[in-house]
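What follows is the residue order along each chain.
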Amino acid sequence: MGLMSASQKANDRSWTLIQNAFAKAVSNVSEYTLCYGYWMKSGLFSKKMYNFAVGFRADDNEFILVQIDSDGNTDGESMTFSKNNVTEIKKTLQGGFKITSSLTDKPLILIVPGFVPDSMEDAYQLPINQQEQAAQFTAMMKNY
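To start, this report covers the structure provided alongside it.

About the thresholds
Residues numbered from 1 in each chain as written. Predicted model: local features only at pLDDT ≥ 70, side-chain atom pairs only at ≥ 80, totals over all residues. Heavy atoms only, no water. Pairing = 2+ DSSP bridges. Helix = DSSP H or I, 4+ residues; strand = E, 2+ residues; numbered from the N terminus. Axes fitted to C-alpha atoms, helices over the stretch in contact; angles between N-to-C directions. Contact = heavy atoms within 4.5 Å. Buried < 20%, exposed > 50% of the residue type's maximum accessible area, 1.4 Å probe, protein only. Polar contact = N/O pair within 3.5 Å; in protein donor to acceptor, adjacent residues only side chain to side chain. Salt bridge = Lys/Arg side-chain N within 4 Å of Asp/Glu carboxyl O.

## So, the sheet that holds strand β5 (residues 86-91)
An order of β5-β6-β7 is seen for the three strands of this open sheet, with the pairing classed as antiparallel. For this open sheet the edge positions go to β5 and β7 (108-110), each flanked by a neighbour on one side alone. Going from strand to strand, the sheet's axes swing by 25° on average, the running direction of each strand aside. Sheet topology note: the β5/strand β6 (residues 97-101) ladder contains five bridges and is antiparallel. Counted as the bridge partner of Glu 88 is Thr 100 from β6. Against the sheet, helix α2 (residues 131-142) contacts β5, β6 and β7, and its axis sits at roughly 50° relative to β6.

## A few points about the environment of Thr 16
Assignment of secondary structure puts Thr 16 in helix α1 (residues 8-25). Taking C-alpha positions, Thr 16 is 8.5 Å from Gly 72, a pair spaced 56 residues apart along the chain.

## What about the side chain of Thr 104?
In this fold, Thr 104 is placed in the loop between β6 and β7. Given the relative accessible area of 19%, Thr 104 is considered buried. There is a polar contact of 2.9 Å between the side chain of Thr 104 and the backbone oxygen of Lys 106.

## Some details on the pattern of salt bridges
For the coordinates displayed, the defined rule picks out six salt bridges. The partner of Arg 13 in a salt bridge is Asp 71, and the shortest N-O contact between them spans 3.6 Å. In this pair, Arg 13 is assigned in helix α1 and Asp 71 in the loop between β3 (62-68) and β4 (79-81), connecting sequence segments 58 residues apart. For Arg 13, a relative accessible area of 35% corresponds to the partly exposed category. Arg 57 is the salt-bridge partner of Glu 31, the closest N and O atoms lying 2.6 Å from each other. With Glu 31 in the loop between α1 and β1 (33-42) and Arg 57 in strand β2 (residues 47-57), the pair connects residues that are 26 residues apart, well separated along the chain. Among the ionic contacts, a cluster of salt bridges with common partners joins Glu 31, Arg 57, Asp 60 and Glu 62.

## Overview of the sheet that holds β3
Taken together, the four strands give an open sheet; going across it, the order is β1-β2-β3-β4, and neighbouring strands pair in antiparallel fashion. Every interior strand has two partners, whereas the edge strands, β1 and β4, have only one. Ignoring which end each strand starts from, the neighbouring axes of this sheet average 30° apart. Bridge count for β3 against β4 is three bridges, and the pairing is antiparallel. Residue pairing in the sheet places Ile 64 in a bridge with Thr 80 of β4.

Below is the structure:
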C-alpha cells in the first residue's frame, strides 16, 4: 500500500460497494461510468461526511448521485443532475465542484478524488484508486 493510494483489498471492497449501491438505484448501470465522490459539510462545531456512488455519462452531461454509507447502504433517493436542472457549476479551491441545482436547497460541493488512501477510512471515506474516472468526471464538469 502506498501513502497516496488505497491498498488493493480496500480498493476492491470500495468498488464493490459503489457498484452494488448504484445498481440498486439505477436500472441501466452499464450506460454510466462509475466513481466515488464525497461532500464534507462543515457546521459550526462539527463536520459531516456524505459519500456518493457517482454515475456519469459525459456525452449527455448527466450524472447521478446515490448517497451511501461506509458499508455501501444507500441513504435517501438518488439525484439525477443534467443541463435541465443544473444552473451553475464552479470549481472550488479544494478541487471540488460547487453545483447549484433546482434539486437541492443549497449548492452541493462534490469532490471526486483520484485516490483516497486507506488511512482516510477512519474519517468515513472509502479508500479507492480512480485516477482515470476522476479525470473523465472533471473533463465532463468543465464542459457544463
